[in-house]
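# Summary of structural features
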Amino acid sequence: MSAGLRTLRRMSPLSIATIAVIAAAAQPAQAFRLFDAYDGNPDPAEFPVLPTEQRTNTNETAATFSLLLAAGVVTTEGFENFPTSQAIDGLSIPISGVGTTLSYKNSDGTSATGGASTKVQKADGNGLTNSGTFPTEGDRGISINSTKRFEVLLDEAIAAFSFWGTDLGDRGNTLTIELYRDTTLLATQPIDYLGENSGDSSVFFFGSIAEDPTEYFNRVVFNNSKKTGNSDAIGLDQFTIAMPSQVVGLGDLGADPTAVPTPALLPGLLGFGLRIWKRRRAAVA
Ligand SMILES: [Ca+2]
Ligand SMILES: [Ca+2]
Ligand SMILES: [Ca+2]
């Protein structure tokens, strides 16, 4: 089985077609190694912030992802040292030594300003920022609204990227991550298994690692689906990036099935996640 097939397993038919075209044009036909996981919140009224110990899928996947990055030099930005006056748009920070700039724009391309939700946010007494989003570590993070466009811009091409998110899908929206090298779209990954009107106070993790130098990317676009009159806020926290030299052990993926999700294990993990999700949906239906 090729890496490409492993990557495609979690994609919608439309995206499979898109990637198939991209893979056919690319040489060689590699694929990004994807790490995405979701933990639904069984009782948002009781726990508006999903307790850390209930983030089993996301914690496990994030730990696996971090194992593949060089310890001690790869860093994560969690926004803990920024004031709540700090605007998201234009925020420039070094992550793992790479200049990283956040872009947050209105639909007309102007800078998104005004209100606390366009700035670094501090959780309230219930642990929440705006609209039920929350940081996944510490008490600060950012949130993005589906009516706006959020991008992460890198000063140089990188090989790995990850972030944590919260409260995606409770308004029926989905998120699609697009990885670019300059203006060339290299890959697109929908995070769309949440379903309609679900995802309230949930947590998800997304990570991607290039398997080939042709996949090194310098721009990440968060394409948040927008349904008219039904915008959705998503919390974001813990951005990690890694330069190609900082990715270690990717070639070993699969050598130790107890440490990382091997290709053989991934379908099982995915199936497990889907079963959990179906139970959750059945419970709220
Ligand atoms: Ca944080
Ligand atoms: Ca939301
Ligand atoms: Ca919510």
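None of these values were measured; they are calculated from a predicted model. All residue numbers refer to positions counted from 1 along the written sequence of the respective chain. Written order decides the labels, with chains lettered from A and ligands numbered from 1. pLDDT decides what is reported in this predicted model: residues at 70 or higher carry local features, side-chain atom pairs at 80 or more are listed and counted, and totals for whole chains, interfaces and linings draw on all residues regardless.

Once that is clear, we can look at the pairing of strand E4 (residues 98–105). A strand pair is defined by DSSP finding two or more bridges across the two strands. Numbered from the N terminus, helices here are DSSP runs of H or I no shorter than four residues, and strands are runs of E no shorter than two. Of the strand pairs in this sheet, strand E3 (residues 92–95) and E4 are connected by four bridges, and their pairing is antiparallel. If you follow Ile 93 over to E4, its bridge partner there is Thr 100. Following E3, the chain reverses through two residues before pairing antiparallel with E4; Ser 96 in that reversal takes a positive phi of roughly 55 degrees. Across six bridges, the pairing between E4 and strand E7 (residues 149–158) is antiparallel. Looking across to E7, one finds that Lys 105 is bridged to Arg 149.

With that settled, the discussion passes to the confidence of the model for the protein chain. Per residue, pLDDT captures the predictor's confidence, and it can take any value from 0 to 100. Scored by pLDDT, the protein chain comes out at a mean of 81, with 75% of its residues at no less than 70. Scored below 50 in pLDDT, residues 255–285 shows 28 contacts in the model against residues more than four places distant or in partner chains. Note on contacts: residues are paired as contacts if their backbone-placed C-beta atoms lie within 7 Å.

One open sheet accounts for six strands, arranged E3-E4-E7-E12-E9-E10; its pairing is antiparallel. A single partner strand is all that each edge strand has here, and the edge strands are E3 and strand E10 (184–191). Geometrically, the sheet is characterised by an average inter-axis angle of 20 degrees between neighbouring strands, direction not taken into account. Axes, fitted as lines to C-alpha atoms, cover a helix only where it is in contact. Angles between the N-to-C directions of the axes lie from 0 to 180 degrees.

Okay, the environment of Phe 204 next. Mapped onto the fold, Phe 204 is located in strand E11 (residues 203–209). Of the residues examined, Phe 204 has 27 C-beta atoms within 10 Å and is grouped as buried. Spatially, the C-alpha atom of Phe 204 lies 5.1 Å from that of Gly 165, the residues being 39 residues apart in sequence. Residues within four places of Phe 204 in sequence aside, it is in contact with Ala 37, Tyr 38, Thr 58, Gly 165, Leu 168 and Ile 191. Three exposure classes are used, all based on how many other C-beta atoms lie within 10 Å of a residue's own C-beta (placed from the backbone): buried at 20 or more, exposed at 12 or fewer, and partly exposed between those limits.

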